[in-house]
Amino acid sequence: MKVLNLGSMNVDNVYKVDTFLLPGETKLSQELSLFCGGKGLNQSIAAVRAGNEVWHAGLIGEDGGMLLDKLKENGVNTSLIRQVPGKGGHTVIQVNSQGQNCILLYGGTNRMLTEEIIDGIFDAFGQDGAVLLQNEINLLPYVIETAHKRGLPIFFNAAPMDEQVHQCDLSLVDWLIVNEVEGQQLAGNCPEEEILSVLSRKYPHMSILLTLGSRGAVCLYAGKQYAIGICSVKAVDTTAAGDTFSGYFMYGVLHGLAIPDCLRLATAASALCVGRAGAADSVPLKAEVDAALSEGTLEVPQVH
């Protein structure tokens, strides 16, 4: 199945530090690296490396050539990407000695979409496929409504969380992907253990993937709940781990895998991802994930 990802594309400026900066503090970074990123671009590459046919759509600025090249290198269809005047999206990322990160995001051209541009993207894509979305573009409520009207199933990663997510009609979403903080915000700040039940009552026709960081993930599908832990690996950089998990999980769903198999595939892929530096470049190929699962080089937890 084709996947249309109308999503962000960012140049990631990654600074290696021993500890994150404190308010008012100045320090020298140990290293600076430039990577292609953005939740949209990362998830497109994760989805295509998992084996999907991916069409990425959106706007890049005058500085976006490396982003376009990166998508093309990975086999993503880039015919729906337009370059416009102005500064493109970019981030300033600190990565500490434990491999954790904190991210400052500038939207740039990612937030210059118009309804006319969005309509043109959907016209060109057609009505055969699925739509993958994140919250790093503007006019997201219109995008969701347009995808639904055209009969396209929607996978929505509601991150980063802000007021625009609350403006979206989530009853139109087929799969909601959130972490525990985002889930609590959407569920009215309920206790973490109640997130799935609260959201399922609000949106009874929506399936939910709840990622829990170092504690794994929980999924609600067709009224049944599934849970998985994480692989025990040394973290080098967690920047694209969540995007990798989402891209591989979506691959499993679209290819008819059972939910436990989707979770194990996504868990293995994200474990390989965190062992590498960078965002898009750290996403593993499906052959690598399959080999890790078949050869047992990763101890992937069982689903319960």
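Rules used throughout
Residues numbered from 1 in each chain as written. Predicted model: local features only at pLDDT ≥ 70, side-chain atom pairs only at ≥ 80, totals over all residues. Heavy atoms only, no water. Patch = residues over 30% accessible without salt bridge, like charges linked within 9 Å, V, L, I, M, F, W, Y side chains within 5 Å. Areas by Shrake-Rupley, 256 points an atom, 1.4 Å probe, with all protein chains shown as cover. Salt bridge = Lys/Arg side-chain N within 4 Å of Asp/Glu carboxyl O. Helix = DSSP H or I, 4+ residues; strand = E, 2+ residues; numbered from the N terminus. Axes fitted to C-alpha atoms, helices over the stretch in contact; angles between N-to-C directions. Parallel < 35°, antiparallel > 145°, perpendicular 65-115°, else oblique. Left-handed = near helix turned anticlockwise from the far one by under 90°. Contact = heavy atoms within 4.5 Å. Buried < 20%, exposed > 50% of the residue type's maximum accessible area, 1.4 Å probe, protein only. Arc of directions from axis to C-beta.

Student: What should I look at first to understand a nonpolar patch on the surface in this one?
Tutor: A cluster of nonpolar residues, Leu32, Leu34 and Met66, forms a patch on the protein surface that exposes about 270 Å² of accessible area. Relative to the assigned elements, methionine 66 resides in helix α2 (residues 65-73).

Student: Got a minute to help me understand the packing of helix α1 (residues 39-49) against α2 in this structure?
Tutor: A pair of packed helices is captured by two measures, namely the crossing angle of their axes and the spacing between those axes. Running from amino to carboxyl end, α1 crosses α2 at an angle of 15°, the nearest separation of the two axes being 10 Å. One element, α1, and the other, α2, form an angle in the roughly parallel class. Judged by the sense of rotation from one axis to the other, the crossing of α1 with α2 is left-handed. Of α2, the residues touching α1 (which contributes Leu41, Ser44 and Ile45) are Leu67, Lys70 and Leu71.

Student: Is there a simple way to think about the pattern of salt bridges in this case?
Tutor: Close approach of charged atoms allows side chains of opposite charge to pair. For the structure shown, the criterion picks out 11 salt bridges. Between lysine 70 and aspartate 281 there is a salt bridge; the shortest N-O distance is 2.7 Å. In this pair, lysine 70 sits in helix α2 while aspartate 281 sits in the loop between α9 (259-274) and α10 (286-295), placing the two residues 211 residues apart along the sequence. Exposure remark for lysine 70: the relative accessible area of 15% places this residue in the buried category. Note that lysine 286 is salt-bridged to aspartate 290, the shortest N-O span being 2.8 Å.

Student: What is the right way to read α2 from this model?
Tutor: Think of an α-helix as turning once every 3.6 residues; residues three or four places apart then point the same way. For α2, every residue scored as buried is listed here: Leu67, Lys70 and Leu71. Along the axis of α2, the buried positions cluster into a sector of 95°, meaning they face one direction only. Contacts from the buried residues of α2 go to β2 (10-16), β3 (31-37), α1, β4 (53-60) and β5 (77-83). Just beyond α2, the residue with positive phi is glycine 75, at close to 85°.

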